[in-house]
Structures are given as structure tokens and as C-alpha cells.
Amino acid sequence: MKKIVILVDQLNSHGGIEKLVVVKANYWATVFNYDVTIISTEQLRKPLIYPLSEKVKFIDWEINYQRDESYFSIKNGFKSLSNIIKMQQYIVKEKPNFIIVASHIPVTYFLPFLYRECAICKEFHFTKFERVKRTDFKTRVVNYIESKYDFLIVLSEEEKTFYTSKNVVVIPNPIENSYKMKIANVIRNEPIAMAIGRFAPVKQLEKLIVIWSLFIQKNPNWKLHIFGTIGNDYFKKIEHLVLESHLQHSVIFKGQSDAIQNEIANAKIVLMTSEQECFPMVILEANSVGVPVLSFDCPTGPRNIIHHKIDGILVDFNNCDSFANELDAYASDTEWQTTLSKNAKINVEKYNLKSIMNQWDNLIFKDYD
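The model shown is predicted, which means the values in this text are computed figures rather than measured ones.

### With respect to the packing of helix H6 (residues 205-215) against helix H10 (residues 320-331)
What describes two packed helices is the angle between their axes and the distance between those same axes.
Argument step 1. Look at H6 against H10: their axes get within 9 Å of each other, and the N-to-C directions meet at 50°. Taken together, the axes of H6 and H10 lie oblique to each other. Handedness of the H6/H10 crossing: right-handed. Two secondary-structure elements touch here, H6 through Lys 207, Val 210, Ile 211, Trp 212, Leu 214 and Phe 215 and H10 through Cys 320, Asp 321, Phe 323, Ala 324, Leu 327, Asp 328 and Ala 331.
Argument step 2. Across the contact of H6 with H10, the residue classes break down as ten nonpolar, no polar and three charged.

In C-alpha cells:
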């Protein structure tokens, strides 16, 4: 039986990485019957946010890094030393076949240099688009460390071009089959557009508000529902912009949802205005319930999932006028809405859980027993 260990920082908060770790661990343990263990460094004795199969073991080492300090600070230096010792002892005792680093955690930097007989893998859930041309010392060191992994897992062929080492494998993220709701009889009468994600400057929600202010002039019956945890400074900035633009009656902040697919299924379209993305799961989540996505053609994620004007819409990067025009055209054409919806459901099929898990098995796990 293959023994697989997944390393994370925590599984106590809502997030794409956290959800994917649980989905993959459950599948490998219950379908492939592999021995799967998840090890966290800072669970903080909080409950798991997503349900784990009884077949998956979960361990928290309580390293508890100081996240407000550099990994190379004195406090975190001692914590890293403790982490290294625990990791080495675990490898010697448990003899895993495979170790996967799923989060951006300090173990990334020292794992390749520990004594081991197992294969090691690092997953990347962020784009290296901005870093590809850097030649500074830190970047060279990071590139060297990454070259020592057996596998670097990236999410698209475009992302693969940003790496110089030969150990890069492309495996996209999966969408759970349970997300594929029975929506054949869903009638989306309500003119609702939706935006989903954390409140952070990279999401460029101020541009979304500008777009909405243009769009709503011709489409006053539409509503924009924005989902994401509220309360931080960036949220307050966007909230103020909505009030300042007199959009409070059409822009509604919905907070966090534990049933986001159900929410998306009631919308006519999902909007994305990010500065950059890697492989936005919201596109798969929307497509799985027959909702197309309208997005800026930002680096690098949306263009690798959306087929322009077939199952979604891509707009020139940061062109708010063009975005508003495309949204207006979509809102006024019910036949086009139906076509994009049908094609979105077809588009997401290639990312079904079974298919992506088989890619992991065939490309990564098969040669390690």
C-alpha cells in the first residue's frame, strides 16, 4: 500500500487549498485505498473546516510559526529547527512513499535536503508570472531548491513555461462530482451577477464597481452579489466606493457562504476583475452549475479555462468599458446566455474528480511503491 503524506499549514479556515487538500486526501484514501496522512504545522487546536474521511489520519505538530514575522527571524528559526527534526524523525520512522507540500510553508525550503528514500512533490497554487524574469539572489536560491524536488506540480501548460527545471508536471485542480447539481430545470429569472473571492487588492474590486456603475445605467433591474469574508480594510474601501457611487441598492455584500454552488446556481453570470490569477476554482464551480464567467484576460488563469465566447467571455485586461459592454450584450441576449450555460457544463467535464485523480496516479504515484 502506498503511503502518502501531505504537508499543510492548517485546515481550520475556508480556502481553496484547504478544500483541495481534503478532497484529494479523501479520494486517495477511499478510492485508491492508499495510506494517507495530513500533517499541519499550526492548526491551533481548532476543528477541521472540511470533513475528512475516517481513513485519513490528521496530525498537528503545533509548530505555530509567527506569521507576522519573517520565516528567518530568531523565533521562527527555532520553530523551523523543531520542524526539521520532527520531519526527519517522521520520515525515518514511518517510511512514506511520497510527501506532498501543499501549502506555502517553511518546510518547502528544507525538505529536499533531508535524508529520505521517498519522492517529494511541491504544489503551486499561485502564478509565477511576475517572478519569471527575476535574477536576484533569492530567486536563484528558490529555483535551486525547487529543482531538487522530484516533482513540481503546476496547474496549466502556461504556468509550466515559467519554470526552468525539468521536474515540472501539469495537473489541474479537480471539481468535485457533488458540485454538478441537477440544474436542467433551473430557471434563472432573477437578473443577478456574482463576484466571489477574498477582499484583497489583487481582486481589483474597485474596477468591478466602476464597471457596474456603467452597466447599471442601461440595466437598472440587475443586482450584483459579492461573496467573501467582510470586515478588513479593503472591504471597507470597496463598501465606501459603493456608497459614494450610489450603488448600494444594486450591489449587495453577501459575506461568506458554505454553499457557494447553490448561490452561484441562482446567478446568470460570474464576474472576475483580478489583477492576476493562477487557476481560479470559482470558474470551475460556476461552470459546474451551468453559469458562465466574464473575466479580464489577466495573467494567467482565466485564459487557461475559459474559451472566449464559447463557454465564457474574456475581456482585454483592465478595460472597464469593454467589460461593461460585454456584460450589457450578455444581459440583453437570452439565447446567448443559454448557449454559454450549456457549453460551460461541457467545459468543466475535463476537470472532473476521477479524471484528475487518475492523472495524479498515472503521472506521479505509479512508479513509487
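Here the narrative resumes.
### Considerations on H10
Argument step 1. The terminal C-alpha atoms of H10 lie 16 Å apart, and with twelve residues this matches the ideal 16 Å at 1.5 Å per residue to within 8%.
Argument step 2. Within H10 the residues assigned to the buried category are Cys 320, Phe 323, Ala 324, Glu 326, Leu 327, Asp 328, Tyr 330 and Ala 331.
Argument step 3. Looking at the buried residues of H10, the elements they touch are H6, strand E11 (269-272), strand E12 (293-296), strand E13 (313-315) and helix H11 (334-347).
Argument step 4. Measuring from the side-chain oxygen of the N-cap residue of H10 to the backbone nitrogen of Asp 321 gives 3.4 Å; that N-cap residue is Asn 319.

### Let's talk about the confidence of the model for the protein chain
Argument step 1. Here the protein chain shows a mean pLDDT of 93. Residues at 70 or above account for 96%.
Argument step 2. Throughout residues 178-185 the model reports pLDDT below 50, and contacts reaching past four residues in sequence, or to other chains, amount to 16 contacts.

### Observations regarding the packing of aromatic side chains
Argument step 1. Considering all chains together, one arrives at 23 aromatic pairs under this definition.
Argument step 2. Feature note: the residues Tyr 27, Trp 28, Phe 32, Tyr 34, Phe 98, Phe 151, Trp 360 and Phe 365 constitute an aromatic cluster, connected by ring pairs.
Argument step 3. For Lys 122, the ring lying beneath its charged end belongs to Phe 124, and the centroid distance is 5.7 Å.

### Quick look at the side chain of Asn 352
Argument step 1. Positionally, Asn 352 belongs in the loop between H11 and helix H12 (353-365).
Argument step 2. Given the relative accessible area of 18%, Asn 352 is considered buried.
Argument step 3. Among the polar contacts made by the side chain of Asn 352, one reaches the main-chain amide nitrogen of Ser 355 at a distance of 3.0 Å.

### A word on the sheet that holds strand E3 (residues 56-60)
Argument step 1. In spatial order, the strands read E3-E2-E1-E4-E5-E6-E7; together these seven strands make up an open sheet with parallel pairing. In this open sheet, the two edge strands, each paired with only one partner strand, are E3 and strand E7 (168-170). The average undirected angle you get between the axes of adjacent strands in this sheet is 25°.
Argument step 2. Bridge analysis of strand E6 (residues 151-154) against E7 gives three bridges, and the strand direction is parallel. Note that in E7 the partner of Val 154 across the bridge is Val 170.
Argument step 3. Docked against the sheet, helix H2 (residues 74-94) engages strand E1 (3-8), strand E2 (35-40), E3 and strand E4 (98-101), running at close to 170° with respect to E1.

### Some details on the environment of Ala 324
Argument step 1. Its location among the elements puts Ala 324 in helix H10.
Argument step 2. On the accessibility criterion, Ala 324 (7% relative accessible area) is buried.
Argument step 3. Along the chain, Ala 324 and Pro 302 lie 22 residues apart, while their C-alpha atoms are 18 Å from each other.
Argument step 4. With near-sequence residues (within four places) excluded, Ala 324 lies in contact with Ile 211, Leu 214 and Phe 215.

### Points about the pattern of salt bridges
When the charged atoms of two side chains lie near each other, side chains of opposite charge can form a pair.
Argument step 1. Throughout the structure, instances matching the rule amount to 14 salt bridges.
Argument step 2. The closest approach of N and O atoms between Glu 123 and Lys 24, which form a salt bridge, is 2.4 Å. In this pair, Glu 123 sits in strand E5 (residues 119-123) while Lys 24 sits in helix H1 (residues 16-30), placing the two residues 99 residues apart along the sequence.
Argument step 3. Of the residues examined, Glu 123 reaches a relative accessible area of 6% and is grouped as buried.
Argument step 4. Between Glu 69 and Lys 75 there is a salt bridge, and its shortest N-O distance comes to 3.9 Å.
Argument step 5. Owing to a relative accessible area of 49%, Lys 75 belongs among the partly exposed residues under this scheme.
Argument step 6. Through salt bridges with shared partners, a single ionic network connects Asp 9, Glu 42 and Arg 67.

Conventions used here
Think of each chain on its own: its residues are numbered from 1, step by step along the sequence as written. Whole-chain, interface and lining totals are the exception, using all residues; otherwise, since this is a predicted model, local features are given only for residues with pLDDT of at least 70 and side-chain atom pairs are given and counted only at 80 or more. Side-chain numbers come from the whole structure's heavy atoms, not from hydrogens or water. Between N-to-C directions, angles cover 0 to 180 degrees, with each direction set by a line fitted to C-alpha atoms, over the stretch in contact for helices. Put simply, DSSP H or I for four residues or longer makes a helix, DSSP E for two residues or longer makes a strand, and each gets a number counted from the N terminus. Working definition: roughly parallel below 35 degrees, roughly antiparallel above 145 degrees, roughly perpendicular at 65 to 115 degrees, and oblique for all remaining angles. Handedness of a crossing is defined here by the sense of rotation of the near helix relative to the far one, left-handed for an anticlockwise turn of less than a right angle and right-handed for a clockwise turn. Contacts were defined at the residue level, with two residues in contact if any of their heavy atoms lie within 4.5 Å. As a working rule, the residues Ala, Val, Leu, Ile, Met, Phe, Trp, Tyr, Cys and Pro are called nonpolar, Asp, Glu, Lys and Arg charged, and the rest polar, with Gly in that last group. For a helix, the expected span equals 1.5 Å multiplied by the number of residues minus one. Summary of the burial criterion: residues with accessible area below 20% of their type's maximum are buried, those above 50% are exposed, and those between are partly exposed, where the area comes from a 1.4 Å probe applied to protein chains only. As used in this structure description, the phrase polar contact means that two N or O atoms lie within 3.5 Å; if the pair is within protein, one of them must be able to donate a hydrogen and the other to accept it, and residues adjacent in sequence are counted only when both atoms belong to side chains. As a per-residue quantity, pLDDT reports the predictor's confidence and falls between 0 and 100. What counts as a ring pair is set by centres within 6.5 Å for rings of Phe, Tyr and Trp (its six-membered ring), and what kind of pair is set by the plane angle: stacked under 30 degrees, edge-to-face over 60, tilted for all other angles. We count a charge as sitting over a ring when the NZ of a lysine or the CZ of an arginine lies within 6 Å of the ring centre and within 35 degrees of the ring normal. Two strands make a pair as long as DSSP finds a minimum of two bridges between them. By salt bridge we mean one thing: a side-chain nitrogen of Lys or Arg within 4 Å of a carboxyl oxygen of Asp or Glu.

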